[in-house]
Amino acid sequence: MSIQEGVIKFDLAFRPGPAPTAELLSQLEAWRRIFRRLGLLGQDPARYDGLGFGNLSRRVMTDGSANSFIISGSQTGALEQLAPEHYVRVASCDPLNNRVEATGVIHPSSEALSHGVLYQADPRIDWVMHLHSPEIFAATSQLRLVVTDPEAPYGSPAMAAEIIRLCPLAGWPGLLVMGGHEDGILAFGATAAETGALVVNT
C-alpha cells in the first residue's frame, strides 16, 4: 500500500466555523456504528498501515449551494462515536483544479473530493458511504460491479473523473469499487437506509 494512503491530496481551502448541528448527524452516526461493527469503517493496526478508513456524508442545502455536504473529519476512524465537532461542511468541490472548500472545526476526510463529485454528478444522491470491504473488493468480477481504473489513486482528479464516468453505470442505489484504493467502495443513494442496506446486502 502507498505510504500516502489516508493523506489529504487535494488543495484544501479551510475556514474555521461552527460544527454541524446534532440533528443533521443522527443517521450518519447510526450507520457509522453499524459499519464499525462490520469492520467496514474504523481503524485497525493490522490494516492500511494503522490509518483510519471509511467515511460517510450527506447532502445539505446551505448558503444557496445545492452540492454542499457534511462529511466526517480526517482520521476519525479510531473514535467509537463522533461528536458534532468531528464533522465538517464541504461548501464546494472543484475536481478539475483538485480543490475543496470546507468550513468547520476539523479538516474533511481525504475522500471529500470523491464524495463531492458524486453529489455533482446526480442530484438524486443525498447520501454517500465510502467503506473498505476486502470481501466485496475481491469479488468485484463475480458481483459484476463497476470498478474505477486501478491507476487512479484515491483523492485525486483522476479518481474523480472515474467516479463521474462510472456513476451512471453503478445502478440505483449505486455501488462502485475503487480500483486504485485498496478494498475501497463507494455506495450512494437517496436515503441513508437504502444506501446502507445496499452495502450490507452486497
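Note: the structure precedes this text.
What this report covers is the structure whose coordinates are included nearby. Here the structure is a predicted model, which is why all the values come from computation and not from measurement. (Residues numbered from 1 in each chain as written. Predicted model: local features only at pLDDT ≥ 70, side-chain atom pairs only at ≥ 80, totals over all residues. Heavy atoms only, no water.)

**Focus: the overall build of the chain**
Rule in force here: Numbering of helices and strands runs from the N terminus; a helix is a DSSP stretch of H or I covering at least four residues, while a strand is a stretch of E covering at least two. Atoms counted for the radius of gyration: C-alpha only. Globule rule: 2.2 Å times residue count to the power 0.38. Residue exposure (1.4 Å probe, protein chains only): buried if accessible area is under 20% of the type maximum, exposed if over 50%, otherwise partly exposed. Note on areas: Shrake-Rupley, 1.4 Å probe, and residue coverage restricted to the protein chains presented here. Positive: Lys, Arg. Negative: Asp, Glu. His and the chain ends are not part of the count. Lysine's charge is taken at NZ, arginine's at CZ, aspartate's at CG and glutamate's at CD.
Scanning the chain from terminus to terminus reveals six helices and 11 strands. Taking 202 residues into account, the globule formula puts the C-alpha radius of gyration at 17 Å, and the chain, at 15 Å, falls close to it. Dimensions of the chain, computed from the C-alpha atoms along their principal axes, are close to 45 × 35 × 35 Å. The 202 residues of the chain split such that 50% are buried. Carbon and sulfur atoms make up 54% of the accessible area of the chain, which totals about 8900 Å². With 14 positive and 21 negative side-chain charges, the chain shows a spacing of 5 Å between the two charge centroids.

**A look at the pattern of salt bridges**
The line we're drawing: Definition used for salt bridges: Asp or Glu carboxyl oxygen within 4 Å of a side-chain nitrogen of Lys or Arg.
By the definition in use, this model includes five salt bridges. Among the ionic pairs, arginine 99 bridges to glutamate 101, the shortest N-O distance being 3.8 Å. A relative accessible area of 30% places arginine 99 in the partly exposed class. Ionic pairing is found between glutamate 162 and arginine 165, a salt bridge with its closest N-O pair at 2.9 Å. Here arginine 165 and glutamate 162 lie together in helix H5 (residues 157-166), a separation of three residues that amounts to about one turn. Owing to a relative accessible area of 12%, glutamate 162 belongs among the buried residues under this scheme. On the basis of relative accessibility, which here comes to 46%, the residue arginine 165 falls in the partly exposed class.

**Looking at H5**
To keep it simple, the criterion reads: The arc in question is the one traced by the directions running from the helix axis out to the C-beta atoms.
Taken as a whole, H5 has its buried residues at Met159, Ala160, Glu162, Ile163 and Leu166. The buried residues of H5 occupy an angular sector of 160° when projected down its axis, which confines them to one face.

**Quick word on the nonpolar core**
Spelled out, the test is: The set of buried Ala, Val, Leu, Ile, Met, Phe, Trp, Tyr and Cys residues whose side-chain atoms join them within 4.5 Å is what this entry labels a nonpolar core. Contacts are residue-level and defined by heavy atoms, with any inter-residue pair within 4.5 Å sufficient.
Membership of the largest hydrophobic core comes to 28 residues, with the highest contact counts inside it found for Val90, Leu118, Ile125, Val128, Leu176, Leu186 and Phe188. Among the secondary structure elements, those contributing two or more residues to this core are strand E5 (69-72), strand E6 (87-94), strand E7 (99-104), helix H2 (112-121), H5 and strand E11 (184-189). With five residues, H2 is the largest single contributor of residues to this core. Leucine 118 has contacts with Ile125, Val128, Ile163, Cys167, Leu186 and Phe188, leaving out every residue within four places of it along the chain. Of all hydrophobic cores here, the second largest spans 22 residues; its members include Leu28, Val60, Leu82 and Val177.

**Focus: the side chain of histidine 132**
Put simply, the rule is: Residues adjacent in sequence count toward polar contacts only when both atoms are side-chain atoms; beyond that, a polar contact is any pair of N or O atoms within 3.5 Å, and within protein one must be able to donate a hydrogen and the other to accept it.
The residue histidine 132 is located in strand E8 (residues 127-132) in this model. Of the polar contacts made by the side chain of histidine 132, one reaches the backbone oxygen of glutamate 182; its length is 3.0 Å.

**Points about the sheet that holds strand E10 (residues 174-177)**
Note the cut-off: When DSSP finds at least two bridges between two strands, those strands are taken to pair. Note on method: axes are straight lines fitted to C-alpha atoms, helices fitted across the in-contact stretch only, with angles between N-to-C directions ranging 0 to 180 degrees.
Read across the open sheet, the nine strands follow the order E1-E7-E6-E5-E4-E8-E11-E10-E9; overall the sheet is mixed. In this open sheet, the two edge strands, each paired with only one partner strand, are strand E1 (11-16) and strand E9 (146-147). Here six bridges tie E6 to E7, and the two strands are oriented antiparallel to one another. Its bridge partner lying in E7, aspartate 94 is registered against arginine 99. The sheet contacts of helix H1 (residues 26-37) involve strand E4 (55-59), E5, E6 and E8, and relative to E4 the element is tilted by about 155°.

**Details of empty space enclosed by the protein**
Heads up, the rule is: Only protein atoms enter the calculation, which uses a 1 Å grid: trapped sets of points that fit a 1.4 Å probe without letting it out are cavities, open sets showing protein on both sides within 12 Å along at least five of seven lines are pockets, and any residue with an atom within 4 Å of a point is a lining residue. Grid points are joined across faces, edges and corners, and a volume is the space filled by probe spheres set on the points. Residue polarity is assigned by list, with Asp, Glu, Lys and Arg as charged and Ala, Val, Leu, Ile, Met, Phe, Trp, Tyr, Cys and Pro as nonpolar; anything else, Gly included, falls into the polar class.
According to the stated counting rule, one finds one cavity of 30 Å³ or more in the structure shown. Considering only enclosed or pocket space, the largest cavity measures out at about 250 Å³ in volume. What lines the largest cavity is a set of 25 residues, and nearest its centre among them are Gly52, Phe53, Gly54, Asn55 and Gln75. Contributing elements (two or more residues each) for the lining of the largest cavity: strand E3 (52-53), E4 and E8. A breakdown of the residues in the lining of the largest cavity according to their chemical character gives seven nonpolar, 15 polar and three charged.

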